[in-house]
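Each chain is listed here by its residues.
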Protein chains: 2
Amino acid sequence: MQSITVNLKQRSYSIDIERGAISTFADRHSKMDQVSRWMIITQPNLVDDYGTLLLMSMKKVGLPCDLITVPCGESAKSISQIEKLYRQLLSNNCDRNTLLIALGGGVVGDVTGFVASTYMRGIKYIQFPTTLLAMIDSSIGGKTGVNLLEGKNLVGAIYQPKKVIIDPNLLDTLPKREKVSGFAEMLKYGLIRDKEFFRKISDGSLPNNLNDESLLEESIARSCKIKANIVATDEYESGLRRILNFGHTIGHAFETLTNDGVLRHGEAVAYGMLCSGYISFKKGLISKSEWNEIEGTLRKLSLPKFDIPDHDEILKTIRHDKKNYEGKLHFVLLDGIGNAITNDSLSDQDIVQSLEVL
Amino acid sequence: MQSITVNLKQRSYSIDIERGAISTFADRHSKMDQVSRWMIITQPNLVDDYGTLLLMSMKKVGLPCDLITVPCGESAKSISQIEKLYRQLLSNNCDRNTLLIALGGGVVGDVTGFVASTYMRGIKYIQFPTTLLAMIDSSIGGKTGVNLLEGKNLVGAIYQPKKVIIDPNLLDTLPKREKVSGFAEMLKYGLIRDKEFFRKISDGSLPNNLNDESLLEESIARSCKIKANIVATDEYESGLRRILNFGHTIGHAFETLTNDGVLRHGEAVAYGMLCSGYISFKKGLISKSEWNEIEGTLRKLSLPKFDIPDHDEILKTIRHDKKNYEGKLHFVLLDGIGNAITNDSLSDQDIVQSLEVL
């Protein structure tokens, strides 16, 4: 088992990476202190493959454990669904010492984390991600999110889990498109923080690299380490943590302005990174050869085609992002591969010009 | 102006006590860093006396400020009301750098604090209490709460305000019954932590003491100091903070089991303190003369009469309290006036016996 620590003083926790962790979880946690009850929160489509396995193994070692599901997709992230979850916890006798296990992708992690942060003024939870994207990104750092009609993740909290458990075996059943989406975020870590890592994973014939088990596992660990370090430095996103948004500002606009399902999150981010890389090149922050390297790698992801939204709509969406402070856009650029910086003075024209590369 | 600090490292804040603070607030805060917009959250019945005054003074110094109201009473604390508040903040262009001002009693503080803890993953808020109870208790320590159909405060967070502003002038319009309710919590602070303070405020002809302005102001400050120290020692209520529940375990049961409006919170707590004091006496923790002193003081509050609920119902309600851990009841007793302790092994009989004194 490989273990990475997210250093946050009293809120520190470990990211444990181990093949087969879903089968060993119950044994490893059977003597956890101050936990009176366990509750697995997952999605219907994960019950057969993983939910039942985890639930049964918990019961086998005598742990009081139940399982509840939330709907698939963003609809799980509504306030009314959250209220339903609270009440399900109550009817299952979950008290302050109940520990929730978020078994799923980003949506399950978001709602479980939010419910944990607010049920009885805060209870413990563990992230048990089942997608590559959740393993290397959303399960780490305590961001939770709930949607309003007006937009995504407008409600939430930064509330750290007690642990993140990563079982790379769970990726065996993950659709290739989901893997590529997660892989795009891996490339992001390399681009913003670790040139050597970027070169290592972009080398060779992508995305077939994803099937190389040891490379995949090593890359997961390296990605987690990068994210853990950034979160430990800036838990509440007042500075450094912003660089994690590389490719996300424009990427989010693409996600928002296209129909559901057209672009996966990682795909939108990949397109966003293409634009942001191009802006970095145009501003003279990266060389022509670095730009070629970035573009070449991202093009190999065989991203789905999509209709580029209206430029004014893109700009409007970007300017309305909740991350903006007093109208200032903290745009993330690359000052060389492996070194992200934020820029507060990007013009609309810079952004529109970058859409050329799509 | 008197200022008391709640020491919580990066989350430290001050409790500022000043007559006329509502009129000086805008000037004092006109240069506050990183605040893009202000939003007063209050109740309809407070708009004329205080809401408009604060709003106009904010506008006068050029601060972008709006005001929204929540319904009076516990109905404001439903999940659907919280969702409505989020959406009102959005439609008022409140971003991450908006600062909310909770202008009201405990309910306004609870909902404003909760919304602040979760809107856009957490924004700043200031507590501006208008009741004695809120000034000395609920506005300090960051407890926020939302109700579910199944019970009160089952959802919430511990999320500290940036500041607590206490303007004792606001008590001029407070009904006497509300003052007595707050006064009961003051007596609690004396009983659990400060014998001299207890004697000082229980001396003379209660509750007329409440009209002695300088004694009232001094007592508010002393109460705030006691609460601030306890919260600073144990922010998340894993130990010492539990003593604040003196009189609350049985008191909450009375509140839950009587019709709305029969008992104010402080009145129920006063009755609870009577029972808990009696148990302390029966267990030999306080002397006969101390018990007489406590009983005499509480009886002077001229509490409203109420029908004592069924004993089994009281026990059931107490055992279901969310504060219990693995069925263990952390009951607060007095080991002498001014020194609270917790007891984990109280029997049902101890509790039932204490109801005799009512």
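What counts and how
- Position numbers for residues count from 1 along each chain, tracking the sequence in the order it is written.
- Going through the entries in the order they are written, you letter the chains from A and number the ligands from 1.
- This being a predicted model, a pLDDT of at least 70 is required before a residue's local features are given, and a value of 80 or more before pairs of side-chain atoms are given or counted; all residues contribute to the totals for chains, interfaces and linings.
- To obtain the side-chain values, all non-hydrogen atoms of the structure were used and water was disregarded.
- Within this scheme a cavity is a closed region of a 1 Å grid, computed over the protein atoms alone, that accommodates a 1.4 Å probe without allowing it to escape, whereas a pocket is open but has protein on both sides within 12 Å along at least five of seven lines; lining residues each have an atom within 4 Å of a point.
- Grid points are joined across faces, edges and corners, and a volume is the space filled by probe spheres set on the points.
- What counts as a helix is a DSSP run of H or I of at least four residues, what counts as a strand is a run of E of at least two, and both are numbered from the N terminus.
- In superposing the copies, a least-squares fit is computed on C-alpha atoms, taking residues whose pLDDT is at least 70 in both.
- Aromatic rings from Phe, Tyr and Trp, taking only the six-membered ring of Trp, are treated as a pair when their centres fall within 6.5 Å; an angle between ring planes under 30 degrees marks them as stacked, one over 60 as edge-to-face, and anything in between as tilted.
- Distance and angle both matter: a charge sits over a ring if NZ of Lys or CZ of Arg is within 6 Å of the ring centre and within 35 degrees of the ring normal.
- Strands are treated as partners if at least two bridges between them are detected by DSSP.
- Every angle, taken between N-to-C directions, lies between 0 and 180 degrees, and every axis is a line fitted to C-alpha atoms, over only the stretch in contact when it is a helix.
- By the convention used here, residues are in contact when the closest approach between their heavy atoms is within 4.5 Å.
- Simply put, the buried area is the total loss of 1.4 Å probe accessible area from both parts when two parts are fitted together.
- Salt bridges are identified by distance alone: a Lys or Arg side-chain nitrogen within 4 Å of an Asp or Glu carboxyl oxygen.
- Nitrogen and oxygen atoms within 3.5 Å of one another constitute a polar contact, given that in protein one can donate a hydrogen and the other can accept it, and given that sequence-neighbouring residues count only through two side-chain atoms.
- If an angle is under 35 degrees, it is roughly parallel; if it is over 145, roughly antiparallel; if it lies from 65 to 115, roughly perpendicular; otherwise it is oblique.
- Helix crossings get a hand from a simple test, with the near helix turned counterclockwise from the far one by less than a right angle marking a left-handed crossing and a clockwise turn marking a right-handed one.
- Residues are grouped as follows: Ala, Val, Leu, Ile, Met, Phe, Trp, Tyr, Cys and Pro are nonpolar; Asp, Glu, Lys and Arg are charged; every other residue, Gly included, is polar.
- Only protein chains enter the area calculation, which uses a 1.4 Å probe; residues under 20% of their type maximum are buried, those over 50% are exposed, and those in between are partly exposed.

Colleague: I'd like a description of empty space enclosed by the protein, backed by residues and values.
Modeller: All told, the structure shown has four cavities of 30 Å³ or more when counted by the stated rule. Here the largest cavity defines a volume of roughly 60 Å³. Looking at the largest cavity, the residues that line it are Ile79(A), Ile82(A), Tyr86(A), Phe114(A), Ile79(B), Ile82(B), Tyr86(B) and Phe114(B). Mapped onto the lining of the largest cavity, the elements with two or more residues apiece are helix H3 (79–91) of chain A together with helix H3 (79–91) of chain B.

Colleague: Can you explain the relation of the copies chain A and chain B? Please cite residues and give values.
Modeller: It takes a turn of 180° to lay chain A on chain B, together with a shift of 0.0 Å along the axis; the resulting RMSD is 0.0 Å. The superposition operator between the copies reduces to a two-fold rotation axis.

Colleague: Lay out the packing of aromatic side chains with the relevant residues and their values.
Modeller: Residues and elements named next belong to chain A. If you walk through the whole model with that rule in mind, you get 18 aromatic pairs over all chains. Seen in terms of ring centroids, Tyr278 and Phe281 are 6.4 Å apart; in terms of plane orientation they differ by 55°. Their pairing is tilted. Of the two residues, Tyr278 and Phe281 both sit in helix H10 (residues 265–282), three residues apart, roughly one turn of that helix. Here a set of aromatic residues connected by ring pairs shows up, and it is made of Phe25, Trp38 and Phe128. Its end group placed over the ring of Tyr189, Lys188 keeps NZ or CZ at 5.0 Å from the ring centre.

Colleague: Tell me about the sheet that holds strand E2 (residues 13–17) of chain B, and name the residues and values.
Modeller: Residues and elements named next belong to chain B. Read from one edge to the other, the open sheet built from seven strands follows the order E1-E2-E9-E6-E5-E3-E4, with strand pairing classed as mixed. Edge positions in the sheet fall to strand E1 (2–6) and strand E4 (65–69), since each of these pairs with one other strand and no more. Across this sheet, the average inter-strand angle for adjacent strands is 20°, counted without regard to direction. Judged from the two bridges that link them, strand E6 (residues 124–129) and strand E9 (residues 163–166) form a sheet pairing that is parallel. Residue pairing across strands places Ile126 opposite Lys163, the latter belonging to E9. Along the sheet, helix H2 (residues 44–60) contacts strand E3 (37–42), E4, strand E5 (98–104) and E6; its crossing angle with E4, the most-contacted strand, is approximately 170°. Each of E3, E4 and E5 is contacted by H3, which is oriented at about 155° to E4, the strand it contacts most.

Colleague: Describe in detail the pairing of strand E11 (residues 340–343) of chain A, supporting the description with residues and values.
Modeller: All names here are of chain A. In terms of strand pairing, strand E10 (residues 331–334) meets E11 through four bridges, oriented antiparallel. Directly across from Val332, in E11, lies its bridge partner Thr342. Connecting E10 to the next strand, E11, in antiparallel fashion are five residues, including Gly336 with a positive phi near 90°.

Colleague: Quick rundown of the interface of chain A and chain B? Include the residues and the values.
Modeller: Taken residue by residue, the interface counts 36 residues in chain A and 35 residues in chain B. For the chain A and chain B pair, buried surface summed over both sides reaches about 3200 Å², with 56% attributable to carbon and sulfur atoms. Notably, a salt bridge pairs Arg87(B) with Glu150(A), separated by 2.8 Å at the nearest N-O pair. Our enumeration of links across chain A and chain B arrives at eight residue pairs in polar contact (both at pLDDT 80 or more). Elements that contribute at least two residues to the side of chain A that touches chain B include exactly H3, helix H4 (106–118), strand E7 (143–148) and strand E8 (151–158) of chain A. At six residues, the largest contribution of residues to the side of chain A that touches chain B is made by E8(A).

Colleague: How would you summarise the packing of H3(B) against helix H4 (residues 106–118) of chain B if you had to cite specific residues and measurements?
Modeller: Residues and elements named next belong to chain B. Two numbers describe how H3 lies on H4: the axes approach to 10 Å, and their chain directions differ by 60°. Here H4 runs oblique to H3, going by the angle between their axes. Where H3 crosses over H4, the handedness of that crossing is right-handed. Residues Ile82, Leu85, Tyr86 and Leu89 of H3 form the contact with H4, whose own contacting residues are Val111, Phe114, Val115 and Thr118. Across the contact of H3 with H4, the residue classes break down as seven nonpolar, one polar and no charged.

Colleague: An account of the pattern of salt bridges is needed here, citing residue identities and associated values.
Modeller: Tallying each qualifying case throughout the model produces 44 salt bridges over all chains. Between Lys200(A) and Glu218(A) there is a salt bridge, with its nearest N and O atoms 2.7 Å apart. Of the two residues, Lys200(A) sits in helix H7 (residues 195–202) while Glu218(A) sits in helix H8 (residues 213–233), which places them 18 residues apart along the sequence. Accessibility expressed as a relative area gives 37% for Lys200(A), which makes it partly exposed. A salt bridge links Arg37(B) to Asp66(B); the shortest N-O distance between them is 3.1 Å. Placement of the pair is Arg37(B) in strand E3 and Asp66(B) in strand E4, with a sequence separation of 29 residues. When salt bridges with common partners are traced through the structure, they connect Glu74(A), Lys77(A), Asp110(A) and Lys152(A) into a single cluster.

Colleague: An account of the environment of Tyr86(B) is requested, with residue identities and associated values reported.
Modeller: Summarising the element assignment, Tyr86(B) is placed in helix H3. For Tyr86(B), a relative accessible area of 1% gives the class buried. Along the sequence, Tyr86(B) and Tyr119(B) sit 33 residues apart, while their C-alpha atoms lie 6.7 Å from each other. Each residue touching Tyr86(B), except ones within four places of it in the same chain, is listed here: Ile79(A), Leu148(A), Val155(A), Phe114(B), Val115(B), Thr118(B) and Tyr119(B).

Colleague: A description of the pairing of E7(A) should follow, citing residues and the corresponding values.
Modeller: All names here are of chain A. For E7, the tally of buried residues reaches six of six residues, placing the bulk of the element in the interior. Residue alternation in E7 divides its side chains into two sets, Lys143, Gly145 and Asn147 and Thr144, Val146 and Leu148, and both sets are buried. Relative to E8, E7 runs antiparallel, the two sharing five bridges. Within E8, the residue paired with Gly145 across the bridge is Gly156. Where E7 folds back onto E8 in an antiparallel hairpin, the turn is made up of two residues.

Colleague: How would you summarise unusual backbone geometry if you had to cite specific residues and measurements?
Modeller: The phi dihedral of Asn153(A) is positive, around 55°, even though this residue is not glycine. The class of Asn153(A) is buried, set by a relative accessible area of 16%. Of note in the backbone geometry, Lys9(B) takes a positive phi value of approximately 50° without being a glycine. Note on Lys9(B): relative accessible area 74%, which makes it exposed.

Colleague: Report on the sheet that holds strand E6 (residues 124–129) of chain A, specifying residues and quantitative values.
Modeller: All names here are of chain A. Reading across from one edge, E1-E2-E9-E6-E5-E3-E4 is the order of the seven strands in this open sheet, with mixed pairing throughout. Looking at the sheet topology across the chains shown, the edges are occupied by strand E1 (2–6) and strand E4 (65–69). The average angle at which neighbouring strand axes cross in this sheet is 20°, direction not considered. Where strand E3 (residues 37–42) and E4 come together, five bridges link them in parallel fashion. Its bridge partner being in E4, Ile41 is matched across the sheet by Ile68. Against the sheet, H8 touches E1, strand E2 (13–17) and strand E9 (163–166), its axis set at about 15° to E1.

Read these as geometric descriptors, not functional statements.
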